[in-house]
Amino acid sequence: MPMTSFPNLSHSMGEGLKGSPSREAVRALFDLPFTELVFRAAAVHREHFDPTQVQVSTLLSIKTGGCPEDCAYCPQAARYDTGVKAQKLLDTEEVVARARAAKDAGATRFCMGAAWRSPKDRDIPKIAAMVGAVKALGLETCATLGMLSGEQAGALKAAGLDYYNHNIDTAPEFYGQIIHTREYQDRLDTLAHVRDAGMKTCCGGIVGMGESREERAGLLHALASLPAPPDSVPINRLVRVAGTPLEQTAELDLFEFVRTIAVARLAMPRSMVRLSAGRETMSDELQALCFLAGANSIFYGEKLLTTANPDTDRDQRLFARLGLQPMPVPGVVEGHLEHDCEDACSDSASGCCGGSGTGCACAGTVHADLLMPMAASVA
Ligand code: SAM
Ligand code: DTB
Ligand code: SF4
């Protein structure tokens, strides 16, 4: 094999891209030798996060199928014959029962998804009731309901919604090949309403839809260039669903997927980078590489919205094999809100207020029962 000259790797190892990076800088990261890219991403990851902690979210489809949009990847678009049965909006009681089960299994954030272009104003009080009830369980709340007006975003924030998920999905120049029923700018407008309402943004995209590396760089550049980088960045690997126009798309090279995670980490050093759709068909070894490259969040639970996710016991074994722990919710102790911890901590050394409601120092403390389901020992 002929020797090639070694690329200039003099960059400080712990440095992410500063501020809003140029597209060329993002593209240049993709082109680094794989080991160099992953090493840099791992270094930046540990500057901002504990690399042994992974945030654990559970997803529930609260309104399934029958969507009027034409997103070419989506099993829930009414126009594609994917076998997904449309279901109306679930009752609050059912959503709360599912959220409680998710919490008992070790999730700390609960995300409610609806196959809507946008919610109707009359849906908002029902969603607000669900959000309030899920939050009262001590879970972080997230919703993804399609496009929102400013008023709708304000009402959801008032109900206690912590995060709103709305993806830009792909690079601006590739978007028109995937979706025709709403514009890129519509997505940016919804994200602005979410930020203006004071909610945290969860915004990412899908890779493996036939886009080029240049277009993957365009997606990450667009995400890092939003007025504020998203708090959470879901990176979805296309689930090729039979009946959708993308059913026959060639699989993305797995190292290219890890590169995408690493570049996301470097371009948005302080954001949570979530390994999202497509994890079910990833090996444990591939996921471990993604965690090394800076992914620090997953969807946990046997189903995403309509497609499969790894079984919870497989994820528990993966966490145990890798020595990973679920990231605690800030401000929550053993599932109790921080000023409602009368029974939460008998251990005064943890700094718990013991229920007095003042000076509580146990926010974010990792308590055994929060960790237990995910941290079972390796058999
Ligand atoms: N209807 C709402 C919307 O589009 O904003 C919310 C739900 S939608 C299903 C949420 C996201 O799921 C999409 O933006 C897309 O990124 C992701 N998604 C949907 N189908 C997928 C698939 N087959 N593979 C990977 N990601 C997918
Ligand atoms: C996101 O970016 N990925 C999740 C969540 N946000 C809502 C959805 C993935 C859906 C995968 C296809 C399905 O299960 O229907
Ligand atoms: Fe509808 Fe959302 Fe699926 Fe697009 S991604 S078809 S908007 S459910």
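Here, every reference points to the structure presented above.
Definitions and limits used
Residues numbered from 1 in each chain as written. Chains lettered and ligands numbered in written order. Predicted model: local features only at pLDDT ≥ 70, side-chain atom pairs only at ≥ 80, totals over all residues. Heavy atoms only, no water. Helix = DSSP H or I, 4+ residues; strand = E, 2+ residues; numbered from the N terminus. Buried < 20%, exposed > 50% of the residue type's maximum accessible area, 1.4 Å probe, protein only. Contact = heavy atoms within 4.5 Å. Areas by Shrake-Rupley, 256 points an atom, 1.4 Å probe, with all protein chains shown as cover. Near = heavy atom within 4 Å. Nonpolar A, V, L, I, M, F, W, Y, C, P; charged D, E, K, R; others polar. Polar contact = N/O pair within 3.5 Å; in protein donor to acceptor, adjacent residues only side chain to side chain. Salt bridge = Lys/Arg side-chain N within 4 Å of Asp/Glu carboxyl O. Phe/Tyr/Trp six-rings, centres within 6.5 Å; stacked < 30°, edge-to-face > 60°. Pairing = 2+ DSSP bridges. Right-handed = clockwise from strand over helix to strand, strands pointing away. Core = buried A, V, L, I, M, F, W, Y, C linked by side-chain atoms within 4.5 Å. Expected span 1.5 Å × (residues − 1).

Re the overall build of the protein chain
Step number 1: Along the protein chain, the regular secondary structure elements total twelve helices and twelve strands.
Step number 2: With 379 residues in all, the protein chain has 55% of them scored as buried.
Step number 3: A sequence separation of at least 24 residues applies to 74% of the contacts in the protein chain between residues at least 6 apart.
Step number 4: A total of about 16,200 Å² of accessible surface is found on the protein chain, and carbon and sulfur atoms cover 53% of it.

Describing the site of ligand 3
Step number 1: Inspection of the region around ligand 3 gives Cys 67, Glu 69, Cys 71, Tyr 73, Cys 74, Ala 77, Ala 115, Trp 116 and Arg 182 as its neighbouring residues.
Step number 2: Considering only residue class, the shell around ligand 3 consists of seven nonpolar, no polar and two charged.

Quick word on the site of ligand 1
Step number 1: In the region of ligand 1, 17 residues are neighbours, and Tyr 73, Thr 144, Asn 167, Asp 169 and Val 239 sit closest.
Step number 2: One of the backbone N or O atoms of Tyr 73 is found 3.0 Å from a nitrogen atom in ligand 1.
Step number 3: One nitrogen or oxygen atom from the main chain of Trp 116 is found 3.2 Å from a nitrogen atom belonging to ligand 1.
Step number 4: Expressed as a share of its isolated accessible area of 560 Å², the protein-covered part of ligand 1 is 91%.
Step number 5: Here the residues of the shell around ligand 1 are counted per class, giving nine nonpolar, five polar and three charged.

Thoughts on the pattern of salt bridges
Step number 1: Under the definition given, this model contains 19 salt bridges.
Step number 2: Measuring nitrogen to oxygen at the nearest pair gives 2.7 Å for the salt bridge that ties Glu 251 to Arg 237. Separated by 14 residues along the polypeptide, Glu 251 in the loop between strand S7 (232-237) and helix H9 (254-267) and Arg 237 in strand S7 bring together distant segments of the chain.
Step number 3: By relative accessible area, Glu 251 is classed as partly exposed at 47%.

Comments concerning the packing of aromatic side chains
Step number 1: Counted under the stated rule, the structure contains two aromatic pairs.
Step number 2: Centre to centre, the rings of Phe 34 and Phe 255 are 5.2 Å apart; their planes meet at 65 degrees, and the pair counts as edge-to-face. With Phe 34 in helix H2 (residues 34-48) and Phe 255 in helix H9, the pair connects residues that are 221 residues apart, well separated along the chain.
Step number 3: The interplanar angle of 85 degrees and the centroid separation of 5.2 Å between the aromatic rings of Tyr 175 and Tyr 184 together place this pair among those described as edge-to-face.
Step number 4: The class for Tyr 175 is buried, based on a relative accessible area of 4%.

A few points about the pairing of strand S1 (residues 53-63)
Step number 1: Burial analysis of S1 places eleven of its eleven residues in the buried class, the great majority of the element.
Step number 2: Strand direction decides the pairing type here: S1 and strand S10 (residues 325-326), joined by two bridges, are parallel. Residue pairing across strands places Val 54 opposite Pro 326, the latter belonging to S10.
Step number 3: Sheet topology note: the S1/strand S2 (residues 109-114) ladder contains six bridges and is parallel. Residue pairing for S2: Ser 61 is matched across the bridge by Gly 113.
Step number 4: Handedness of the S1-helix H3 (residues 92-104)-S2 crossover: right-handed.

With respect to the nonpolar core
Step number 1: Ile 62, Tyr 73 and Leu 220 are the most contacted members of the largest nonpolar core, which totals 91 residues.
Step number 2: Looking at this core element by element, the count peaks at eight residues for H9.
Step number 3: Ranked by size, the runner-up nonpolar core spans seven residues in total, among them Leu 59, Cys 142, Tyr 163 and Ala 277.

A short note on helix H8 (residues 213-224)
Step number 1: The terminal C-alpha atoms of H8 lie 16 Å apart, and with twelve residues this matches the ideal 16 Å at 1.5 Å per residue to within 8%.
Step number 2: With respect to burial, H8 is a largely interior element, nine of its twelve residues being buried.
Step number 3: Structurally, H8 contributes buried residues whose contacts are with helix H1 (23-30), helix H6 (172-175), helix H7 (184-196), strand S6 (205-207), S7 and H9.

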